[in-house]
Amino acid sequence: MQHCVTPVGIMRSCFKEKFAIPRQPHLAPAARGVLELLPPFNTGEAVAGLEQVSHVWLLFLFHQALEDTPRLKVRPPRLGGNKRVGVFATRATHRPNGIGQSVVRLDAVEPGRLLLSGIDLLDGTPVLDIKPYVPYADSVPSAVNPMASAAPAAIEVDWSEQALQQAHDHGKRLSEPLVALIEQCLAQDPRPAYQVPPAERVYGVKFWDVQVRWQYPTPERIRVTEVSPDA
Ligand code: SAM
């Protein structure tokens, strides 16, 4: 039996590539985006009343991780990337039907669009449904998950003087909390779990319209070296 689903909106996100997106929402509160609603959901009717709500669930398609053959076991980064567990025991992106779910902060409801923060969605992600977060039902204080019992440990992030100035300048131009976004995302240590980076290796990612570059002077510390317009 097959069912056809159609997106209700498309996420316009600060994250222009998969690398360095936090593994879950809220890990980077400065990660902002706009969910542009598609017809017929863009007239205001479908979101009437939603402005009373602080957080929403987004159900979306991992459109850049879709595969023809379902995986039964995956290697979650959370377990170091070398231990295989059942796909349904994880929040891996490679999964049957490619459906993701995130609770994100609803900052504002505008005609035809929702302003969101704390997101972990890639730019261009098709959103299949939006639901209000219901605190009494969606928060389970006694819940147990030893594989992901707490947020991943953050690592130290510091800046070259030049990179910090560049980030301030671009943040001002974009009217976005760019310094906070970079610090919050890089503190999640985006490199693959098994990679020990040589100190001279330069990593990079695009947030909004800027390229952010950094190095690991030691494996436990990130130094942001450049924030420049994406060429
Ligand atoms: N909170 C969601 C969930 O639990 O279903 C997503 C968790 S998943 C582990 C988070 C990762 O999904 C991010 O680090 C990012 O690299 C990836 N991602 C986000 N949007 C995506 C998309 N549209 N296609 C493929 N991967 C995506």
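Attention in this report is confined to the structure presented alongside it. (Residues numbered from 1 in each chain as written. Predicted model: local features only at pLDDT ≥ 70, side-chain atom pairs only at ≥ 80, totals over all residues. Heavy atoms only, no water.)

On a plain count of helices and strands, the protein chain comes out with three helices and twelve strands. For 231 residues, the compact-globule estimate of 2.2 N^0.38 gives 17 Å, and the protein chain sits close to it at 19 Å. A principal-axis box enclosing the C-alpha atoms of the protein chain has dimensions of 50 × 45 × 35 Å. Here the protein chain holds 231 residues, and the buried ones make up 38% of them. Here the contacts in the protein chain between residues at least 6 apart in sequence split such that 70% fall between residues at least 24 apart. Carbon and sulfur atoms provide 53% of the accessible area of the protein chain, an area that totals close to 13100 Å². Counting 24 positive and 24 negative side-chain charges, the protein chain places the averaged centre of each group 7 Å from the other. (Helix = DSSP H or I, 4+ residues; strand = E, 2+ residues; numbered from the N terminus. Rg over C-alpha atoms; globule rule 2.2 N^0.38 Å. Buried < 20%, exposed > 50% of the residue type's maximum accessible area, 1.4 Å probe, protein only. Contact = heavy atoms within 4.5 Å. Areas by Shrake-Rupley, 256 points an atom, 1.4 Å probe, with all protein chains shown as cover. Lys, Arg positive; Asp, Glu negative; His and termini not counted. Charge placed at Lys NZ, Arg CZ, Asp CG, Glu CD.)

Every one of the 20 residues lining the ligand counts as a neighbour, but Q24, H63, R91, D120 and T125 are closest to it. At 3.1 Å, a backbone N or O of Q64 approaches a nitrogen atom of the ligand. Compared with its free state, where it exposes 600 Å², the ligand has 91% of that area covered by protein. Of all the elements, strand 6 (residues 99–110) adds the most residues to the shell around the ligand, at three residues. The residue inventory of the shell around the ligand, partitioned by class, reads eight nonpolar, eight polar and four charged. (Near = heavy atom within 4 Å. Polar contact = N/O pair within 3.5 Å; in protein donor to acceptor, adjacent residues only side chain to side chain. Nonpolar A, V, L, I, M, F, W, Y, C, P; charged D, E, K, R; others polar.)

A separate point is the environment of G80. You can see G80 is positioned in the loop between strand 4 (73–74) and strand 5 (85–86). Since its relative accessible area comes to 28%, G80 is described here as partly exposed. Put simply, G80 and P96 are 16 residues apart on the chain and 22 Å apart in space, counted from C-alpha to C-alpha.

Any two packed helices are characterised by the angle at which their axes cross and by the distance between the axes. In contact at an axis separation of 8 Å, helix 2 (residues 161–174) and helix 3 (residues 178–186) are set at 125° when each is read in the N-to-C sense. Comparing their axes, helix 3 and helix 2 come out oblique. Together, L164, A167, H168, H170 and G171 of helix 2 and L178, V179 and I182 of helix 3 make up the contact between the two elements. Taken together, the residues of the contact of helix 2 with helix 3 break down into five nonpolar, three polar and no charged. (Axes fitted to C-alpha atoms, helices over the stretch in contact; angles between N-to-C directions. Parallel < 35°, antiparallel > 145°, perpendicular 65-115°, else oblique.)

Bringing the sheet that holds strand 10 (residues 203–207) into the picture now. In space, the four strands of this open sheet follow the order 9-12-11-10, with mixed pairing throughout. Looking at the sheet topology across the chains shown, the edges are occupied by strand 9 (156–159) and strand 10. Taking the axes of each pair of neighbouring strands and ignoring which way they run, one obtains an average angle of 35° across the sheet. Strands in contact with helix 2 are strand 9, strand 11 (210–218) and strand 12 (221–229); relative to strand 12, the strand with the most contacts, it is inclined by about 50°. (Pairing = 2+ DSSP bridges.)

Moving on, we come to the sheet that holds strand 7 (residues 113–117). Sheet architecture is closed into a barrel: six strands sit in the order 1-2-7-6-3-8, paired in antiparallel fashion. The mean inter-strand angle of the sheet, taken between neighbouring strand axes irrespective of direction, is 45°. Summarising the sheet, strand 1 (residues 9–13) and strand 8 (residues 126–132) pair through two bridges and their orientation is antiparallel. The residue bridging G9 from the neighbouring strand is V127, located in strand 8.

Relative to the 20 Å expected for 14 residues at 1.5 Å per residue, helix 2 spans 20 Å between its end C-alpha atoms, a close match to the ideal helical length. Along helix 2, the residues that are buried comprise A163, A167, H170 and G171. Along the axis of helix 2, the buried positions cluster into a sector of 105°, meaning they face one direction only. With respect to the buried face of helix 2, the exposed residues turned more than 90 degrees away are E161 and K172. Positive phi appears at S175, one or two residues downstream of helix 2, with a value of about 55°. (Expected span 1.5 Å × (residues − 1). Arc of directions from axis to C-beta.)

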